[in-house]
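So you can see what is in the structure, the chains are spelled out below.
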Amino acid sequence: MINQLNQESRRAYNEKIKQVFSGGVAEGWDTKGRLIKAGKDNIVYDKIKKCGHDGMSVLDIGCATGGLLLKIDQSIHNCRMTGIDISCEMIRQAQRKADFYAKEWKLINHDFLEYDFGDDRFDMIVLKFVLHHMADAEETLKKAIELLNEDGILMVYTPGGRHLQEVFGAAGDDLDILGRKDKKQLSDILLNCGAGQETVEFEICNFQIEIDTFDKFIEFLKRIGSYQKIVQYRNMSWNASFTNQIREKFEKAQYLTGEYILITLYKKR
Ligand SMILES: C[S@@+](CC[C@H](N)C(=O)[O-])C[C@H]1O[C@@H](n2cnc3c(N)ncnc32)[C@H](O)[C@@H]1O
């Protein structure tokens, strides 16, 4: 399990993560959605608009190319925006976006778990499609909660246990190949990181994913880092028999289940 890696293996793990989220993956990050014919996967932004307020400070952990930072900045006034990402190519693209739209974002190219935020605290912290790629989910959430201001809000959007179940089966345990977690597993993680007293809402977002061809499906998995996660982020391909199993299941399925879980945690005063 990738949780609780020791310092050295965590460093090696992060090196692999950096490799995965660079090159073609970073370049194609903003256009990968075109591979999917149908599939609504994102309730995070609507929730942010509902819970956010003018002048708030926002931290986007694993901000990639800054797409969410831009959406928030363009719809909520005078926000102070910070994005952190371990991939320098993602941060470079986010900086380009900030320059193009004349935005003064603080963009940090660092591992979230290692970065020292000093006295900085945030009104809203978001982890969108990131928790399942982190070396230690519990430590990540613990640190994120500590970085919230009083009354701050943490939002985590992460694949649920039934995500893509037609091809990968439902997630059974912590060793799930895609890092999917059901509501109970996520609640347990939150309890373990001391969030028992906070108000926590869980919203399960189910949707249908339609992708025309198996090749496009594989291409999509590669673009979001899920293909690489299955081979522990090593620079290698799936073996032929695993690929064939997945192809067979993909071709049998009429559509694929999309399931993401949105956690909203309101920090206690
Ligand atoms: C699947 S992408 C999601 C990007 C973005 N949040 C979105 O919704 O489009 C995961 C991102 O998390 C970043 N990431 C992974 N581990 C990280 C870490 N330890 N610290 C900071 N960023 C990390 C990756 O570089 C990548 O850009």
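For the structure, see preceding data.
First, a word on scope: everything that follows refers to the structure included in this document. Being a predicted model, the structure only gives us computed values, none of them experimental.

The next point concerns the overall build of the protein. Within the protein, the regular secondary structure consists of eleven helices and seven strands. A globule of 269 residues ought to have a C-alpha radius of gyration of about 18 Å, and the protein, at 18 Å, matches this closely. Viewed in the frame of its principal axes, the protein has a C-alpha envelope of about 50 × 40 × 40 Å. By residue count, 52% of the 269 residues in the protein fall in the buried class. Here the analysis covers contacts within the protein between residues at least 6 apart in sequence; of these, 77% occur between residues at least 24 apart. For the protein, the accessible surface area stands at approximately 13300 Å², while carbon and sulfur atoms represent 45% of it. Within the protein, the 41 negative side-chain charges are centred at a point lying 3 Å from the centre of the 38 positive side-chain charges.

Compared with the 18 Å implied by 1.5 Å per residue over 13 residues, the 18 Å span of helix α11 (residues 240-252) between its first and last C-alpha is a close match. Of the surrounding elements, those touching the buried residues of α11 are α7 (165-168), α9 (214-223), α10 (226-230) and β7 (256-266). The backbone nitrogen of Ser241 has a side-chain oxygen 3.1 Å away, supplied by the residue at the start of α11, namely Asn239.

Our next topic: the side chain of Gln185. Assignment of secondary structure puts Gln185 in helix α8 (residues 183-192). Of the polar contacts made by the side chain of Gln185, one reaches the backbone nitrogen of Asp182; its length is 2.8 Å. Ignoring any residue separated from it by four or fewer positions in sequence, one finds Gln185 in contact with Asp173, Asp174 and Arg180.

This part covers the pattern of salt bridges. For the structure on display, the rule yields 14 salt bridges. When the shortest N-O distance is used, the salt bridge between Lys47 and Glu203 registers 2.6 Å. One end of the pair, Lys47, is in helix α3 (residues 44-51); the other, Glu203, is in strand β6 (residues 199-209), and 156 residues separate them in sequence. Assessed through its relative accessible area of 8%, Lys47 is described here as buried.

Of all residues adjacent to the ligand, which total 18 residues, the nearest are Trp29, Gly62, Asp85, Asp111 and Lys128. Here an oxygen atom of the ligand sits 2.6 Å away from a polar atom, N or O, in the side chain of Asp85. A distance of 3.1 Å separates a nitrogen atom of the ligand from a polar atom in the backbone of Ile86. Look at the ligand: alone it shows 590 Å² of surface, and the protein chains cover 96% of it. A class-by-class count of the residues in the shell around the ligand yields eleven nonpolar, four polar and three charged.

Turning to helix α4 (residues 67-75), a few remarks are in order. Helical geometry: 3.6 residues make up each α-helical turn, so side chains three or four residues apart lie on a common side. Where α4 is concerned, the buried positions are Leu68, Leu69, Leu70, Ile72 and Asp73. Those residues of α4 that are buried are in contact with α3, β1 (57-61), β2 (80-85), α5 (88-100), β3 (106-109) and β4 (122-128).

Before going further, it helps to examine the packing of aromatic side chains. This structure, assessed with the given rule, holds 17 aromatic pairs. With centroids separated by 4.7 Å and ring planes inclined at 85°, the aromatic side chains of Tyr115 and Phe117 adopt a geometry described as edge-to-face. Phe117 gets classed as buried once you look at its relative accessible area, which sits at 6%. Among the aromatic residues, ring-to-ring pairing joins Phe168, Phe214, Phe217, Tyr227, Trp238, Phe242 and Phe250 into one connected group. We note Lys222 situated over the ring of Tyr227; from NZ or CZ to the ring centre the distance is 4.8 Å.

Each value, and the rule that gives it
- Residues numbered from 1 in each chain as written.
- Predicted model: local features only at pLDDT ≥ 70, side-chain atom pairs only at ≥ 80, totals over all residues.
- Heavy atoms only, no water.
- Helix = DSSP H or I, 4+ residues; strand = E, 2+ residues; numbered from the N terminus.
- Rg over C-alpha atoms; globule rule 2.2 N^0.38 Å.
- Buried < 20%, exposed > 50% of the residue type's maximum accessible area, 1.4 Å probe, protein only.
- Contact = heavy atoms within 4.5 Å.
- Areas by Shrake-Rupley, 256 points an atom, 1.4 Å probe, with all protein chains shown as cover.
- Lys, Arg positive; Asp, Glu negative; His and termini not counted.
- Charge placed at Lys NZ, Arg CZ, Asp CG, Glu CD.
- Expected span 1.5 Å × (residues − 1).
- Polar contact = N/O pair within 3.5 Å; in protein donor to acceptor, adjacent residues only side chain to side chain.
- Salt bridge = Lys/Arg side-chain N within 4 Å of Asp/Glu carboxyl O.
- Near = heavy atom within 4 Å.
- Nonpolar A, V, L, I, M, F, W, Y, C, P; charged D, E, K, R; others polar.
- Phe/Tyr/Trp six-rings, centres within 6.5 Å; stacked < 30°, edge-to-face > 60°.
- Lys NZ or Arg CZ within 6 Å of the ring centre and 35° of its normal.

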